[in-house]
Amino acid sequence: MKDSSHKRVMLAEKVRELIIEMVHYSLELPSVNYSEYISKNLCTSYTLISKSFSKTNGMTIEQFIIVQKIERVKKLLSINDLSLSEIAWKLGYSSTAHLSAQFKRVTGITPSVFRKDNNIY
């Protein structure tokens, strides 16, 4: 593996870890936009970060964040008594409708169908 290729892969991995930490383990998502948050945390220009990530992962950082947020929504729908509007607020969605539309686009089902299918009583 070339040195530049290795650096690109390492940078992309740091981005993945940072996003997973941010989405799944932070109590609150950052108040600044994601590109600023990622760039500041990695002390690297967002353009370089974005190109490295896309080339390595075959998807944009934004797409990866959406996938991670939907995974978090699934987890919260499965284990919590939070309403969908509380989940939307917790994950920084502008509205419940936006969350629902994004959830359906990624998973193919609505959050309410997911919750009903995954709650075992």
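Our subject is the structure listed above.
Notes on the structure in this doc start here.

Basis of the calculations
- Residues numbered from 1 in each chain as written.
- Predicted model: local features only at pLDDT ≥ 70, side-chain atom pairs only at ≥ 80, totals over all residues.
- Heavy atoms only, no water.
- Helix = DSSP H or I, 4+ residues; strand = E, 2+ residues; numbered from the N terminus.
- Contact = heavy atoms within 4.5 Å.
- Areas by Shrake-Rupley, 256 points an atom, 1.4 Å probe, with all protein chains shown as cover.
- Lys, Arg positive; Asp, Glu negative; His and termini not counted.
- Charge placed at Lys NZ, Arg CZ, Asp CG, Glu CD.
- Phe/Tyr/Trp six-rings, centres within 6.5 Å; stacked < 30°, edge-to-face > 60°.
- Lys NZ or Arg CZ within 6 Å of the ring centre and 35° of its normal.
- Buried < 20%, exposed > 50% of the residue type's maximum accessible area, 1.4 Å probe, protein only.
- Salt bridge = Lys/Arg side-chain N within 4 Å of Asp/Glu carboxyl O.
- Axes fitted to C-alpha atoms, helices over the stretch in contact; angles between N-to-C directions.
- Parallel < 35°, antiparallel > 145°, perpendicular 65-115°, else oblique.
- Nonpolar A, V, L, I, M, F, W, Y, C, P; charged D, E, K, R; others polar.

## Comments concerning the overall build of the chain
Right, on to step 1. Counting its regular elements, the chain contains seven helices and zero strands.
Right, on to step 2. Moving toward the C terminus, one meets the helices and strands of the chain in the order α-α-α-α-α-α-α.
Right, on to step 3. Overall size of the chain, expressed as C-alpha extent along the three principal axes, is 55 × 30 × 20 Å.
Right, on to step 4. A fraction of 58% describes how many contacts in the chain between residues 6 or more apart in sequence connect residues 24 or more apart.
Right, on to step 5. For the chain, the accessible area works out to roughly 7,600 Å², and carbon and sulfur atoms hold 54% of it.
Right, on to step 6. One way to put it: in the chain the 17 positive side-chain charges average out to a point 7 Å from where the 11 negative ones average out.

## Regarding the packing of aromatic side chains
Aromatic ring pairs: the centre-centre distance and the angle between the two ring planes describe each pair.
Right, on to step 1. Summed over all chains, the structure comprises two aromatic pairs.
Right, on to step 2. The ring of Tyr93 has Lys69 lying over it, and the distance from NZ or CZ to the ring centre is 4.2 Å.

## Focus: the side chain of Ser52
Right, on to step 1. Considering the arrangement of structural elements, one finds Ser52 in helix α3 (residues 46–57).
Right, on to step 2. For Ser52, a relative accessible area of 6% translates into the label buried.

## Concerning the pattern of salt bridges
Right, on to step 1. By the definition in use, this model includes three salt bridges.
Right, on to step 2. Taking the shortest distance from any N to any O, the salt bridge between Arg16 and Glu13 comes out at 3.8 Å. Of this pair, Arg16 and Glu13 both sit in helix α1 (residues 3–25), separated by three residues, roughly a single helical turn.
Right, on to step 3. Residues Lys40 and Glu36 are paired through a salt bridge, measuring 3.6 Å at the closest nitrogen-oxygen approach. Taken together, the residues Lys40 and Glu36, both in helix α2 (residues 34–42) and four residues apart, mark about one turn of the helix.
Right, on to step 4. Residue classification places Glu36 among the partly exposed residues on the basis of a relative accessible area of 36%.

## Let's talk about the packing of helix α4 (residues 61–79) against helix α6 (residues 96–107)
Right, on to step 1. In contact at an axis separation of 10 Å, α4 and α6 are set at 105 degrees when each is read in the N-to-C sense. On the basis of their axis angle, the class for α4 and α6 is roughly perpendicular. Taken together, the residues of α6 that come into contact with α4 (itself represented by Ile66, Ile70, Val73, Lys74 and Leu77) are Leu99, Gln102, Phe103, Val106 and Thr107.
Right, on to step 2. Grouping the constituent residues of the contact of α4 with α6 by class yields seven nonpolar, two polar and one charged.

Geometric values such as these leave the question of function open.
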